[in-house]
Amino acid sequence: MLRNAPPVPPTRIDFSDEDAAWIAERITEVLKTGRLTLGPYTEAFEAAFAKYCGARHAIAVSSGTSSLEIILRGLDIAGKSVLVPADTFFATAAAVIAAGGKPILMDSDISTMSTAPEEIERRITPDTVGIVIVHIAGIVTDRMPEIVRLADARGLWIMEDAAHAHGSTLAGRHAGTFGRAGSFSFYPTKVMTSAEGGMIVTDDDELAAAARIFRDQGKASFHQNLHVKMGNNWRLSEPHAIIGLRHFSHLDGMITDRRRIAEFYDQELGNGRSAFTPIAPPADCFANYYKYPVMLPEGVDRAAVKAWLKEEHGVICAGEVYEAPLHKHPVFHKLDTGDLGQSEHLCSRHICLPIFASMTDGEAERVIAAVKAAERGKAAASLASA
Ligand SMILES: *Cc1c(COP(=O)(O)O)cnc(C)c1O
């Protein structure tokens, strides 16, 4: 049918000509001044991001991965265990190990793609010091207030891996500000990008000061070659900060555009209208729709349906969140506790429909037409599980 139309891509990264000119002008400026790292653009980016989230501090760093490790080093997890969902990106657990801690995997709740308080309670051991909550797909679980109360009662901290959740809120409160600290990523495919980069948000003055030391080789200060912590080169360069600052100025607009597409998908697939069932954010959650995850009908093979959507309809699904839980990756086999079935089900049974800010109505309609065709053909041998 639409075989000759260009494919609907899984995502698209948008910088307008005006954005490109704005960025180029400022990069030229910093090339001339030589202020290429930890300068005024990094400070401006931090100030704007902190204000937006409603946090006291924001510390810009080289990536979402380094922001996680810096927070965990600041919380001094060496030799301690930290609870991490099994359904998350590699870096969430890897950062715990890099900071000297032991990740303990938690199972997921399929309805929110997050962790239930009961599951957290069950995994706490005497050496547990903290809990990592990951807002998968940009969805903030409506059980966040219960999780905060549980953590307080048990003397544990919460770190949010908000790499998916720039601008997502629960009851008006920003992702990244529910616990001791939040970590953001500005990797190109995220809701906003600085090419590479990350941001730590926190209200904790001490942790913020420690984070600034960690990101710059553990030096007591920028102008002082006295190393007081096991830091690294986790700085954000000024060119990256310039790109990030510009893209950040469009964040709310890009989220509005994503939400308009999500609303259309909801109308077509939501509330039992399709056997391809969207995972809907809770009512109190304003989601940024980093991803639009859909559970597959029983009997439909994921690889087959993705290949069919692509080949027959030119619809290229986005990457799953995640294709497999952490304990299914060889490097983390030893973290398997044998009772992580919900995350295994969640990971293996969903796809992510294309969604991005510059998606056209025509593209969104093609996605829905393709999903509906897949639904009609779901008994067909080509889509069925082997
Ligand atoms: C992208 C991502 C990271 C890592 O961020 P980088 O900027 O790529 O280092 C960490 N956690 C989650 C959940 C992510 O999606």
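With that settled, consider the overall build of the protein. Check the secondary structure of the protein and you find twelve helices and 15 strands. Relative to the 2.2 N^0.38 estimate, which gives 21 Å for 386 residues, the radius of gyration of the protein is 21 Å and therefore close to what a compact globule would have. Counting only C-alpha atoms, the protein reaches 65 × 55 × 35 Å along its principal axes. Of all 386 residues assigned to the protein, the portion counted as buried reaches 55%. Nonlocal contacts in the protein, meaning residues at least 24 apart in sequence, comprise 71% of its contacts between residues at least 6 apart. Distance from the positive charge centre (39 side chains) to the negative charge centre (48 side chains) of the protein: 2 Å.

There is a patch of nonpolar side chains on the surface, built from Phe89, Phe90 and Val331 and spanning about 290 Å² of accessible area. Tracing the chain through its elements places Val331 in the loop between helix H10 (302-313) and helix H11 (341-348).

The subject of this paragraph is the state of the cysteines. Under the counting rule described, the total for this entry stands at zero disulfides. Between Cys317, a free cysteine, and Cys352, which holds the nearest cysteine sulfur, the sulfur-to-sulfur gap is 8.0 Å. With a relative accessible area of 10%, Cys317 lands in the buried category.

With that settled, the discussion passes to the site of the ligand. The environment of the ligand is made up of 17 residues, and the closest members are Gly64, Thr65, Asp161, Ser185 and Lys190. Within the side chain of His164, one N or O atom sits 2.9 Å away from an oxygen atom of the ligand. Burial of the ligand by the protein amounts to 92% of the accessible area it has alone, namely 380 Å². Secondary-structure elements contributing two or more residues to the shell around the ligand are helix H3 (64-74) and helix H4 (90-98). The leading source of residues in the shell around the ligand is H3, at three residues. Of the residues assigned to the shell around the ligand, the class counts are seven nonpolar, eight polar and two charged.

The next point concerns the packing of aromatic side chains. On inspection of all chains with the given rule, the structure shows twelve aromatic pairs. Look at Phe49 and Phe248: their rings are 5.6 Å apart centre to centre, the planes differ by 50°, and that puts the pair in the tilted class. Placement of Phe49 in helix H2 (residues 40-53) and of Phe248 in helix H8 (residues 238-248) is noted, with a sequence separation of 199 residues between them. Given a relative accessible area of 11%, Phe248 falls into the buried group. Here the aromatic cluster, defined as three or more aromatic residues joined through ring pairs, consists of Phe45, Phe49, Tyr52, Phe184, Phe186 and Phe248. Over the ring of Trp22 we find Arg26; its NZ or CZ atom is 3.9 Å from the centre of that ring. Of note, Arg173 hangs over the ring of Phe178, and the distance from its end group to the ring centre comes to 5.0 Å.

With that out of the way, let us pick up the domain arrangement of the protein. Interfaces are often sized by the accessible area lost when the parts come together. In terms of domains, the protein is made up of domain 1 (17-106 + 113-248) and domain 2 (251-383). Placing the centre of domain 1 and that of domain 2 at their C-alpha centroids yields a distance of 26 Å. Listed per partner, the contact involves 38 residues of domain 1 and 32 residues of domain 2. Carbon and sulfur atoms supply 66% of the area buried between domain 1 and domain 2, which totals about 2900 Å² over both sides.

Before going further, it helps to spend a moment on the sheet that holds strand E7 (residues 173-174). In sheet architecture, strand pairing relies on hydrogen bonds along the backbone and comes in two forms, parallel and antiparallel. With respect to topology, three strands assemble into an open sheet ordered E7-E6-E13, the strand pairing being antiparallel. Among the strands making up the open sheet, the edge pair consists of E7 and strand E13 (285-286). Pairing between strand E6 (residues 169-170) and E13: two bridges, direction antiparallel. Opposite Thr169, over in E13, you have Phe286 as the bridge partner.

Time to look at the packing of H10 against helix H12 (residues 361-376). Running from amino to carboxyl end, H10 crosses H12 at an angle of 125°, the nearest separation of the two axes being 10 Å. In terms of their interaxial angle, H10 and H12 are classed as oblique. Like other packed secondary-structure pairs, H10 and H12 cross with a definite hand, here right-handed. Here Val305, Trp308, Leu309 and His313 of H10 come into contact with H12, specifically with Arg366, Ala370, Val371, Ala373 and Ala374. The class makeup of the residues in the contact of H10 with H12 is seven nonpolar, one polar and one charged.

This part covers the side chain of Ser194. Tracing the backbone through its elements, the reader meets Ser194 in the loop between strand E8 (181-185) and strand E9 (198-202). In this structure Ser194 comes out as buried when scored by relative accessible area, which is 0%. Among the polar contacts listed, one links the side chain of Ser194 to the backbone oxygen of Glu196, at a separation of 2.7 Å. Discounting chain neighbours no more than four positions away, the residues touching Ser194 are Phe186, Leu236, His240, Ile243 and Gly244.

Further remarks concern the environment of Pro10. Structurally, Pro10 can be placed in the segment before helix H1 (17-33). The contacts of Pro10, once residues within four sequence positions are left out, are Ile316, Cys317, Ala318, Pro354, Ile355 and Phe356.

The next subject is the nonpolar core. Core analysis: the largest hydrophobic core is formed by 76 residues, its most contacted members being Phe45, Phe49, Ile120, Ile131, Met199, Tyr265 and Leu353. When residues of this core are assigned to domains, at least three fall in each of domain 1 (17-106 + 113-248) and domain 2 (251-383). In contact with Leu353, not counting residues within four places along its chain, are Tyr265, Leu269, Tyr292, Val294, Ala318, Val367 and Val371. Counting 44 residues, the second largest nonpolar core, distinct from the first, contains Ile77, Ile279, Tyr322 and Leu326.

The rules behind the values
Residues numbered from 1 in each chain as written. Predicted model: local features only at pLDDT ≥ 70, side-chain atom pairs only at ≥ 80, totals over all residues. Heavy atoms only, no water. Helix = DSSP H or I, 4+ residues; strand = E, 2+ residues; numbered from the N terminus. Rg over C-alpha atoms; globule rule 2.2 N^0.38 Å. Buried < 20%, exposed > 50% of the residue type's maximum accessible area, 1.4 Å probe, protein only. Contact = heavy atoms within 4.5 Å. Lys, Arg positive; Asp, Glu negative; His and termini not counted. Charge placed at Lys NZ, Arg CZ, Asp CG, Glu CD. Patch = residues over 30% accessible without salt bridge, like charges linked within 9 Å, V, L, I, M, F, W, Y side chains within 5 Å. Areas by Shrake-Rupley, 256 points an atom, 1.4 Å probe, with all protein chains shown as cover. Salt bridge = Lys/Arg side-chain N within 4 Å of Asp/Glu carboxyl O. Disulfide = S-S within 2.5 Å. Near = heavy atom within 4 Å. Polar contact = N/O pair within 3.5 Å; in protein donor to acceptor, adjacent residues only side chain to side chain. Nonpolar A, V, L, I, M, F, W, Y, C, P; charged D, E, K, R; others polar. Phe/Tyr/Trp six-rings, centres within 6.5 Å; stacked < 30°, edge-to-face > 60°. Lys NZ or Arg CZ within 6 Å of the ring centre and 35° of its normal. Domains from an automatic or database assignment. Buried area = accessible area lost by both parts, 1.4 Å probe. Pairing = 2+ DSSP bridges. Axes fitted to C-alpha atoms, helices over the stretch in contact; angles between N-to-C directions. Parallel < 35°, antiparallel > 145°, perpendicular 65-115°, else oblique. Left-handed = near helix turned anticlockwise from the far one by under 90°. Core = buried A, V, L, I, M, F, W, Y, C linked by side-chain atoms within 4.5 Å.

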